[in-house]
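The primary structure of each chain is shown beneath.
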Amino acid sequence: MKVDSLNNISELRKENSSVGDYISLLKPRVMILAIFSSVCGLILAPGTIHPFLFFVSIICISIGAGASGAINMWYDKDIDSLMNRTKNRPVARGAIFSMNALGFGVVLAIISVLLLGLATNYFAAFLLGFSIFFYIFIYTIWLKRRTHHNIVIGGAAGAFPPIIGWVCVTGDLSLFPILMFLTIFFWTPPHFWALSLYKDVEYQKANIPMLPVIKGHKETKLQILLYSMVLFIVSLLPCYYGFAGKQFLVLGTILNLIFVFFSFKCFVSDKKKTEKKASDLFKFSILYLYLYFLILVLEKLVVNYNG
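These numbers were taken from a predicted model, which means no experiment stands behind them. (Residues numbered from 1 in each chain as written. Predicted model: local features only at pLDDT ≥ 70, side-chain atom pairs only at ≥ 80, totals over all residues. Heavy atoms only, no water.)

Peer 1: Can you lay out the overall build of the protein chain for me, pointing to particular residues and giving the numbers?
Peer 2: Across its full length, the protein chain carries 16 helices and zero strands. Relative to a compact globule of 307 residues, whose C-alpha radius of gyration would be 19 Å, the protein chain shows 20 Å and is just as compact. Each principal axis of the C-alpha atoms in the protein chain carries an extent, and together these give about 70 × 55 × 30 Å. Counting the 307 residues in the protein chain, one finds 50% classified as buried. Only carbon and sulfur atoms are counted for the fraction: they give 68% of the accessible area of the protein chain, which is about 15200 Å². (Helix = DSSP H or I, 4+ residues; strand = E, 2+ residues; numbered from the N terminus. Rg over C-alpha atoms; globule rule 2.2 N^0.38 Å. Buried < 20%, exposed > 50% of the residue type's maximum accessible area, 1.4 Å probe, protein only. Areas by Shrake-Rupley, 256 points an atom, 1.4 Å probe, with all protein chains shown as cover.)

Peer 1: I'd like a description of the packing of aromatic side chains, backed by residues and values.
Peer 2: Scanning the entire structure with this criterion turns up 27 aromatic pairs. Between Phe186 and Tyr227, the ring centres sit 6.3 Å apart and the planes meet at 40°, which makes this aromatic pair tilted. One end of the pair, Phe186, is in helix 10 (residues 175-198); the other, Tyr227, is in helix 13 (residues 217-235), and 41 residues separate them in sequence. You can call Tyr227 buried: its relative accessible area is 17%. A ring pair is formed by Tyr288 and Tyr292, whose centres lie 6.1 Å apart and whose planes are at 20°; its orientation type is stacked. (Phe/Tyr/Trp six-rings, centres within 6.5 Å; stacked < 30°, edge-to-face > 60°.)

Peer 1: Requested: an account of the nonpolar core, with residues and values cited.
Peer 2: Within the largest apolar cluster, 80 residues are counted, with the highest numbers of intra-cluster contacts made by Ile164, Trp193, Phe248, Tyr288, Phe293 and Leu296. With twelve residues, the single largest contributor to this core is helix 10. When sequence neighbours within four positions are dropped, the list of residues in contact with Leu296 reads Leu44, Phe176, Ala244 and Phe248. If you look at the next biggest cluster of nonpolar residues, it comprises six residues, including Leu25, Ala70, Val91 and Ile96. (Core = buried A, V, L, I, M, F, W, Y, C linked by side-chain atoms within 4.5 Å. Contact = heavy atoms within 4.5 Å.)

Peer 1: Go over helix 7 (residues 122-143), please, and point to the residues and values.
Peer 2: Along helix 7, the largest kink reaches about 30° and is centred on Phe134. At the N-terminal boundary of helix 7, the capping side chain belongs to Asn121, with an oxygen 3.2 Å from the backbone nitrogen of Phe123. (Bend = angle between axes of the 7 residues up to and from the residue. Polar contact = N/O pair within 3.5 Å; in protein donor to acceptor, adjacent residues only side chain to side chain.)

Peer 1: Residues and numbers for the pattern of salt bridges, please.
Peer 2: Taken as a whole and judged by the stated rule, the model has seven salt bridges. Between Lys144 and Asp76 there is a salt bridge, with its nearest N and O atoms 2.7 Å apart. Of the two residues, Lys144 is situated in the loop between helix 7 and helix 8 (150-154) and Asp76 in the loop between helix 4 (51-75) and helix 5 (77-80); the sequence distance between them amounts to 68 residues. Within the structure, one salt-bridge network assembled from shared partners comprises Asp76, Asp78, Lys144 and Arg145. (Salt bridge = Lys/Arg side-chain N within 4 Å of Asp/Glu carboxyl O.)

Peer 1: A description of the packing of helix 3 (residues 28-44) against helix 16 (residues 271-306) should follow, citing residues and the corresponding values.
Peer 2: The interhelical angle for the contact between helix 3 and helix 16, taken along N-to-C directions, is 20°, at an axis separation of 10 Å. With respect to helix 16, the axis of helix 3 lies roughly parallel. As helix 3 runs across helix 16, the sense of the crossing is left-handed. Contacts from Ile32, Leu33, Phe36, Cys40, Ile43 and Leu44 of helix 3 reach helix 16 at Leu289, Tyr290, Phe293, Leu294, Leu296, Val297, Lys300 and Leu301. Across the contact of helix 3 with helix 16, the residue classes tally to 13 nonpolar, no polar and one charged. (Axes fitted to C-alpha atoms, helices over the stretch in contact; angles between N-to-C directions. Parallel < 35°, antiparallel > 145°, perpendicular 65-115°, else oblique. Left-handed = near helix turned anticlockwise from the far one by under 90°. Nonpolar A, V, L, I, M, F, W, Y, C, P; charged D, E, K, R; others polar.)

Peer 1: Give a detailed account of the state of the cysteines, specifying residues and quantitative values.
Peer 2: Using the criterion set out here, one finds zero disulfides in the structure. Cys40 forms no disulfide, and the closest cysteine sulfur to it belongs to Cys168, at a distance of 14 Å. With a relative accessible area of 3%, Cys40 lands in the buried category. (Disulfide = S-S within 2.5 Å.)

Peer 1: Run through the environment of Asp172, naming residues and quoting values.
Peer 2: Counting through the fold element by element, Asp172 comes out in the loop between helix 9 (161-170) and helix 10. The spatial distance from the C-alpha of Asp172 to the C-alpha of Asn121 is 9.5 Å, given a sequence separation of 51 residues.

Peer 1: Would you mind going over the packing of helix 3 against helix 4 in detail, with residue names and values included?
Peer 2: Working note: a packed helix pair is described by the angle between its axes plus the distance between those axes. For the pair helix 3 and helix 4, interaxial distance at closest approach is 9 Å and the crossing angle is 145°. Note that helix 3 runs across helix 4; the crossing there is right-handed. Of the residues in helix 4, those in contact with Met31, Ala34, Ile35, Ser38, Val39, Leu42 and Ile43 of helix 3 are Phe54, Ser57, Ile58, Ile61, Ser62, Ala65 and Gly66. The class makeup of the residues in the contact of helix 3 with helix 4 is ten nonpolar, four polar and no charged.

Peer 1: Kindly report on helix 3, identifying the contributing residues and their values.
Peer 2: Each α-helix turn comprises 3.6 residues. Residues three or four places apart therefore point the same way. Over its 17 residues, helix 3 extends 24 Å from the first C-alpha to the last, a length consistent with the 24 Å expected when each residue adds 1.5 Å. Along helix 3, the residues classified as buried are Met31, Ala34, Ser37, Ser38, Cys40, Gly41, Leu42 and Leu44. Those residues of helix 3 that are buried are in contact with helix 4, helix 9, helix 10 and helix 16. (Expected span 1.5 Å × (residues − 1).)

Structure representation (structure tokens):
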């Protein structure tokens, strides 16, 4: 016991981390998308929220997303160190002691949930807590290393922010935020499968059962195309139910046609061109989601201004 304790103390003393390392621990790029979609949920929700509480809600959702990233890096230290894409993460390269990352993530998770409950309502806090739980226990610990359906099911974790933002304002749930959730849910597989098409060697090295590793490139490209078509339909459902207007219908259709076009180009590409086409699709998929929510918000703001 004494030897173990001394080893732990020794490891703690060896940690040579910076503020930047702890910021990296929060997965800023993923957090930015969570922030953006939650802001859109807050704006699109009916009713009003005090500007200070609006700001606090965003901070809480951001901290919650960052906490998930920190705990994920703690758990995935072994596989992150094997992949070029993730080997420079602070825990994988030893800049932050793994137990410090875990503690940091847990503390942030607790603070974000409690503060959101006190600032807005307990339903929003519950959804934030559940999204963190889902990402850590369902996706990271249970699914990621066990099944090629990891992204399909686990992608739900990243679809919660607009719902949480909505509930911060309204205190309840309705069809519109569920449709926003479903849009992100069906966007996630083609987005990550496109990445895995040109990172499949790394995933195989880390023994992560991503779809290209288990089913091959041909099946993955087919699934990307099929999910892109489903996304086309689901993403435009706000128009069908009267939550969005003609402007969104036109611009959303154009956006989805481009997404399907990139997916089709990836589907028909030969082995030599697959990496390039998959990379193009991955990059556009990020732009797609930002533009999708931006169009929804701008249409509402224009309608409210004219009304």
